[in-house]
Amino acid sequence: MMFYYVEAGIKGTDAYGDIESSFYNSLESVFEELLKKIADGHDLEAYLTRLQGIVGKTRDFGWGFYDTLEWMLEEFRQKIT
């Protein structure tokens with residue numbers, strides 16, 4: 001469900017353009033929680049391609065969204081490996 005929430009938010013931004021910063025803050029919070037849940041299962045590698053795809057799709061988004069997701073994922077990968 002968390003994957004879907006973040007991916008749907010990205011699709012919405014692609015379709016309608018940048019949205020206010022609170023929208024991205026919400027997506028960032030869910031993405032962070034998703035990473036924590038994956039870490040609890042110690043199965044980051046199984047989800048890595050999908051997570052990287054999410055981050056990659058945000059490259060042109062505003063409000064520093066891409067930078068934040070990229071940083072979260074990289075920090076998380078370092079903790080897991």
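These remarks concern the structure in this document.

The rules behind the values
Residues numbered from 1 in each chain as written. Predicted model: local features only at pLDDT ≥ 70, side-chain atom pairs only at ≥ 80, totals over all residues. Heavy atoms only, no water. Helix = DSSP H or I, 4+ residues; strand = E, 2+ residues; numbered from the N terminus. Rg over C-alpha atoms; globule rule 2.2 N^0.38 Å. Buried < 20%, exposed > 50% of the residue type's maximum accessible area, 1.4 Å probe, protein only. Contact = heavy atoms within 4.5 Å. Areas by Shrake-Rupley, 256 points an atom, 1.4 Å probe, with all protein chains shown as cover. Lys, Arg positive; Asp, Glu negative; His and termini not counted. Charge placed at Lys NZ, Arg CZ, Asp CG, Glu CD.

1. A short note on the overall build of the protein
Regarding its fold elements, the protein presents 4 helices and 0 strands. Over its C-alpha trace the protein gives a radius of gyration of 12 Å, about what one expects of a compact globule, namely 12 Å for 81 residues. Considered along the principal axes of its C-alpha atoms, the protein spans approximately 35 × 20 × 20 Å. Per-residue burial over the protein gives 36% buried out of 81 residues. Pairs at least 24 residues apart make up 65% of the contacts formed inside the protein by residues separated by at least 6 positions. Of the roughly 5200 Å² that the protein leaves accessible, carbon and sulfur atoms contribute 50%. Each charge class in the protein can be summarised by its mean position, and for the 8 positive and 15 negative side chains these summaries are 5 Å apart.

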